[in-house]
Amino acid sequence: MSSDLARLEGLEKVTGTARYAGDQQPDGLAHAWPVPATIARGDVTAVDTAPALAIPGVLAVLTHRDAPALTLPEDGDPTLAVLQSPRVAHRGQVVALVVATTPQDARAGAEAVRVTYSAEPHDVVLTDDHPGLYTPAYANGGHPAVRERGDVDHAHRQADRRLDLTYRIGPLHNHPMEPHTATARWDGRRLTVHDSSQGANTVQETLAALFGLDTGDVTVVSEHVGGGFGSKGTTRPHAVLAAMAARSVDRPVRLALPRALLPALTGHRAPSVHRVRLGADRDGRLTALAHEVTTRSSTVREFVEQSAVPARVMYAAPHSRTAHRVVRQDVPTPSWMRAPGETPGMFALECAMDELAHACGLDPVELRLRNEPDTEPDTGRPFSSRNLAACLREGARRFDWPREHPARPRRDGRWLLGSGVAASTYPALVAPSTAEVLARPDGTFLVRTDATDIGTGARTVLAAVAARALDVPADRVSVAVGSTELPRAPLAGGSAGTASWGWAVHEACTRLRAELADRGTAALPAAGLRCHADTTEAVRARPDYARHAFGAQFALVAVDADTAEVRVRRLLGVFAAGRILNARTARSQLLGGMVMGVSMALLEHSTMDPRFGDHAEHDLASYHVAVNADVPFVEAHWIDEEDPHLNPLGAKGIGEIGIVGTAAAVANAVHHATGIRVRDLPVRPESLLPHLPDVP
């Protein structure tokens, strides 16, 4: 049975007592401000720091000539080799760092630094036929870049219904509410960093390697984090720079990245081109499915988003090909962003399925139901559970799909109304974790694990897990997270946090409950009684199932027949994500994901300026995201799903699946309203206006 707890840290956040990385105030705190490169490719030939050092309050200016040396491991992230070379790989790369007694002096100093470059021609425009395109060995997550079954080309040529479609998604940026911030201080060889990170252990290991320290000499604290969406899932340059600066000036240093530099320094979703070929018989059953993705990475590091991988999971097709191509360009390195792979890949696949439904004269829900597989199509592994069909049917019932999706769209005055549907999926991942639980003599319990709460309600869910395992009221359980001084735990990413941390918490609490039962009425020692759990061996011993969450999103949109403005009037999602552990925070996660999907469908977009080699949208005034007025009525539901092959909690991740199908559902609804098929995101008025006069 699901709990319904309010957030444990909610009062701290709304009263301002929750302390984030940028709220730390150690004695002698100095402030750092980066100097970004103003070329997209070339070398730094000179840095004039004198004007900056002349400003009162400026303590130091670090450049590649005098910054502390770093040791990058062979398998390390080269984007973290900051200020180690005069080479410039992309615009916005940090070429100097000013440290001062106030943020204002640091910023003034950064503006006063004069950098001279030897610029080279840059390459920043992704095209389908770029001569540098190649097929990598793997895409993100270790997925093979190419998978083939049967003869997809022949099967496509022979199909009764054939589609060959191209979808395009531009570059997108994470933009969490809290910019990436680190406060670093040294005590001899010991380094302490308060960092806005999705995983303190990851940052600890990275900083230890870069500075030649033992991991025990590095403490990283990420107690409260104001969102990440993947951009804080790996160590970022700000944490390294803060530690370098603190060592150089021998005092604590805070570096809060200006929002304008987030696109260049904290990862992004690379643009992608999706060619989707579908072949089906007259009844709409797939005979061929090909999803081929073209994308880009940087010259610094290869990162290939696994956008074709969802097509290996979703539908039964005897012949298939899924492939990725990439080109290395003079741009910042892409990285994880909001369900990497599934989000862009499912937009293309689910829009193509909608187009196939129209080509076959079938209802879009029915088409999907006809193509349900018995096992995972790519591997043949059995699903641990697969309730996509139940999500589609329950969503259609709740949405009143037959009434909301008539053969001929409706009007409401000048508004054209349409509805759309899309399916969604996300892998049910889990990683080894440790946790400890302490029973105190006063009857309360403390759960300790280095989980990270990035605004998702992780503390609250872990308290619910512990209370259930201990069979005590939740108000007797407190939770400590977000520090490397706690038992080791994986980062918050891949929608795997709760399943991973919760498994360890459940095991520790189950053992503690048994020990308490064995003690009977004996009093606890003054220090309490502790139990520890490590799930490493249990995770490795799991049987080989295909584990995925599934869902279905339904959208009702209105399109202004005069201006082509698109409004989402209703958005509904139904999900199959195992056992829901805490209903209140689960609903919040699913609603938030769907709101992000509306953002992706209608608003979010970054423009690459080919002349300057830079993304033009640097802030939330130009990079638009959805607000309350954009989603007046959104609802999330789930079905009861028992899956014994996951973990002792029976839980799948819910942090990202909400976004996965939403953009396609909205785009499909726009087509239903107008008859206009938009295959490039976002759906903008200029894509619709030239065709609206033809709409009856």
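As the structure is a computational prediction, the values presented were derived from the model and not from experiment. (Residues numbered from 1 in each chain as written. Predicted model: local features only at pLDDT ≥ 70, side-chain atom pairs only at ≥ 80, totals over all residues. Heavy atoms only, no water.)

Draft legend 1. Focus on the overall build of the protein. Counting its secondary structure elements, the protein contains 18 helices and 29 strands. Over its C-alpha atoms the protein spans a radius of gyration of 26 Å, differing by no more than 12% from the 26 Å that the globule rule assigns to 696 residues. In terms of principal-axis extent, the alpha carbons of the protein reach across some 75 × 75 × 50 Å. Scored against the burial criterion, the 696 residues of the protein give a buried share of 60%. (Helix = DSSP H or I, 4+ residues; strand = E, 2+ residues; numbered from the N terminus. Rg over C-alpha atoms; globule rule 2.2 N^0.38 Å. Buried < 20%, exposed > 50% of the residue type's maximum accessible area, 1.4 Å probe, protein only.)

Draft legend 2. Region of the structure containing the nonpolar core. By size, the foremost hydrophobic cluster in this structure holds 92 residues, and its most contacted members are Phe347, Phe554, Val557 and Leu688. For this core, the element with the most residues is helix α8 (residues 342-360), which contributes 10 residues. Once residues within four sequence positions are removed from consideration, Leu688 is found in contact with Val559, Ala564, Val566, Val670, Ile676, Val678 and Val683. Residues Val94, Leu207, Ala208 and Leu213 belong to the second largest nonpolar core, which totals 42 residues. (Core = buried A, V, L, I, M, F, W, Y, C linked by side-chain atoms within 4.5 Å. Contact = heavy atoms within 4.5 Å.)

Draft legend 3. Molecular detail of the state of the cysteines. Using the criterion set out here, one finds zero disulfides in the structure. Not engaged in a disulfide, the cysteine Cys360 finds its nearest cysteine sulfur in Cys351; these two sulfurs lie 16 Å apart. (Disulfide = S-S within 2.5 Å.)

Draft legend 4. Quick peek at the sheet that holds strand β23 (residues 529-534). Strand order in the open sheet formed by four strands is β22-β21-β20-β23, with mixed pairing between adjacent strands. Only two strands of the sheet have a single partner each, and these edge strands are β22 (477-480) and β23. Strand after strand, the sheet turns through a mean of 20° between neighbouring axes, direction not considered. Pairing of strand β20 (residues 434-439) with β23, which is carried by six bridges, proceeds in the antiparallel orientation. Looking across to β23, one finds that Ala439 is bridged to Leu529. Each of β20, β21 (445-448) and β23 is contacted by helix α13 (residues 497-519), which is oriented at about 145° to β23, the strand it contacts most. (Pairing = 2+ DSSP bridges. Axes fitted to C-alpha atoms, helices over the stretch in contact; angles between N-to-C directions.)

Draft legend 5. Structural view of the layout of surface pockets. One number sums up the size of the second largest pocket: a volume of about 880 Å³. Around the second largest pocket sit 47 residues that line it, and Asp77, Pro78, Thr79, Leu80 and Arg301 are the ones nearest its centre. The dominant element in the lining of the second largest pocket, judged by the number of residues it contributes, is helix α5 (residues 200-210), at five residues. Taken together, the residues of the lining of the second largest pocket break down into 23 nonpolar, 17 polar and seven charged. (1 Å grid on protein atoms, 1.4 Å probe; cavity = no way out; pocket = protein on both sides within 12 Å on 5 of 7 lines; lining within 4 Å. Points joined across faces, edges and corners; volume = space filled by probe spheres on them. Nonpolar A, V, L, I, M, F, W, Y, C, P; charged D, E, K, R; others polar.)

Draft legend 6. Local environment of the packing of aromatic side chains. Taken as a whole, this structure holds six aromatic pairs when the rule is applied. Between Trp186 and Phe211 the ring centres are 5.6 Å apart and the planes differ by 70°, which places this aromatic pair in the edge-to-face class. Note that Trp186 is positioned in strand β11 (residues 181-187) and Phe211 in the loop between α5 and β13 (218-221), a separation of 25 residues in sequence. Like Trp186, the residue Phe211 is buried in the burial classification. Through pairs of rings, three or more aromatic residues link up here, namely Phe399, Trp401 and Phe554. (Phe/Tyr/Trp six-rings, centres within 6.5 Å; stacked < 30°, edge-to-face > 60°.)

Draft legend 7. Main features of the environment of His154. Its location among the elements puts His154 in helix α4 (residues 152-158). Taking the C-alpha atoms as reference points, His154 and Val203, 49 residues apart in sequence, are found 49 Å from one another.

Draft legend 8. Region of the structure containing the packing of helix α12 (residues 458-470) against α13. Where α12 contacts α13, the axes come no closer than 8 Å and their chain directions differ by 30°. Regarding the angle of α12 to α13, the classification is roughly parallel. For the crossing formed where α12 meets α13, the hand is right-handed. Within the contact between the two elements, α12 uses Ala458, Val461, Leu462, Val465, Ala466, Arg468, Ala469 and Leu470 and α13 uses Thr498, Trp501, Gly502, Val505, His506, Cys509, Thr510, Leu512 and Arg513. Of the residues assigned to the contact of α12 with α13, the class counts are 11 nonpolar, four polar and two charged. (Parallel < 35°, antiparallel > 145°, perpendicular 65-115°, else oblique. Left-handed = near helix turned anticlockwise from the far one by under 90°.)

Draft legend 9. Spotlight on the side chain of Thr219. Tracing the backbone shows Thr219 in strand β13. There is a polar contact of 3.5 Å between the side chain of Thr219 and the side chain of Arg190. (Polar contact = N/O pair within 3.5 Å; in protein donor to acceptor, adjacent residues only side chain to side chain.)

Draft legend 10. The arrangement of the sheet that holds strand β25 (residues 566-576) in detail. One open sheet holds the five strands; their spatial order is β18-β19-β24-β25-β28, and the pairing between them is mixed. Each having just a single partner strand, β18 (410-412) and β28 (634-638) make up the two edges of the open sheet. Each strand of the sheet is rotated relative to its neighbour by a mean of 25°, with strand direction disregarded. The sheet contacts of helix α15 (residues 583-602) involve β24 (548-560), β25 and β28, and relative to β28 the element is tilted by about 130°. Against the sheet, helix α17 (residues 662-674) makes contact with β19 (415-427), β24 and β25, and its axis sits at roughly 155° relative to β19, the strand it touches most.

Draft legend 11. Structural view of helix α10 (residues 388-399). Relative to the 16 Å expected for 12 residues at 1.5 Å per residue, α10 spans 16 Å between its end C-alpha atoms, a close match to the ideal helical length. Of the residues making up α10, those classed as buried are Leu388, Ala389, Cys391, Leu392, Gly395, Ala396 and Phe399. The buried residues of α10 occupy one face: seen down the axis, they fall within an arc of 160°. Of the residues in α10, the exposed ones pointing more than 90 degrees away from the buried face are Arg393 and Arg397. Where α10 is buried, its residues touch α9 (364-370), α11 (401-404), β19, β24 and β25. Of the residues flanking the end of α10, it is Asp400, one or two places downstream, whose phi is positive at about 60°. (Expected span 1.5 Å × (residues − 1). Arc of directions from axis to C-beta.)

Draft legend 12. Highlighting the packing of α15 against α17. Close contact between α15 and α17 brings their axes to 7 Å; oriented N to C, the two are set at 50°. Relative to α17, the element α15 is oriented oblique. Here α15 runs over α17; the crossing is right-handed. Of the residues in α17, those in contact with Met594, Gly597, Val598, Met600, Ala601 and Leu602 of α15 are Thr662, Ala663 and Val666.

Draft legend 13. Main features of the pattern of salt bridges. Evaluation of the coordinates by the stated rule reveals 50 salt bridges. Between Glu394 and Arg397 there is a salt bridge, with the nearest N and O atoms lying 2.7 Å from each other. A residue pair is termed a helical-turn pair when its members lie 3 or 4 positions apart in one helix, as Glu394 and Arg397 do in helix α10 at three residues. Glu642 serves as the salt-bridge partner of Arg579, at 3.2 Å between the closest nitrogen and oxygen. Separated by 63 residues along the polypeptide, Arg579 in the loop between β25 and α15 and Glu642 in the loop between β28 and α16 (657-660) bring together distant segments of the chain. For Glu642, a relative accessible area of 60% puts it in the exposed group. Three or more residues joined by partner-sharing salt bridges are found here, namely Arg41, Asp43, Arg87, Glu120 and Asp330. (Salt bridge = Lys/Arg side-chain N within 4 Å of Asp/Glu carboxyl O.)

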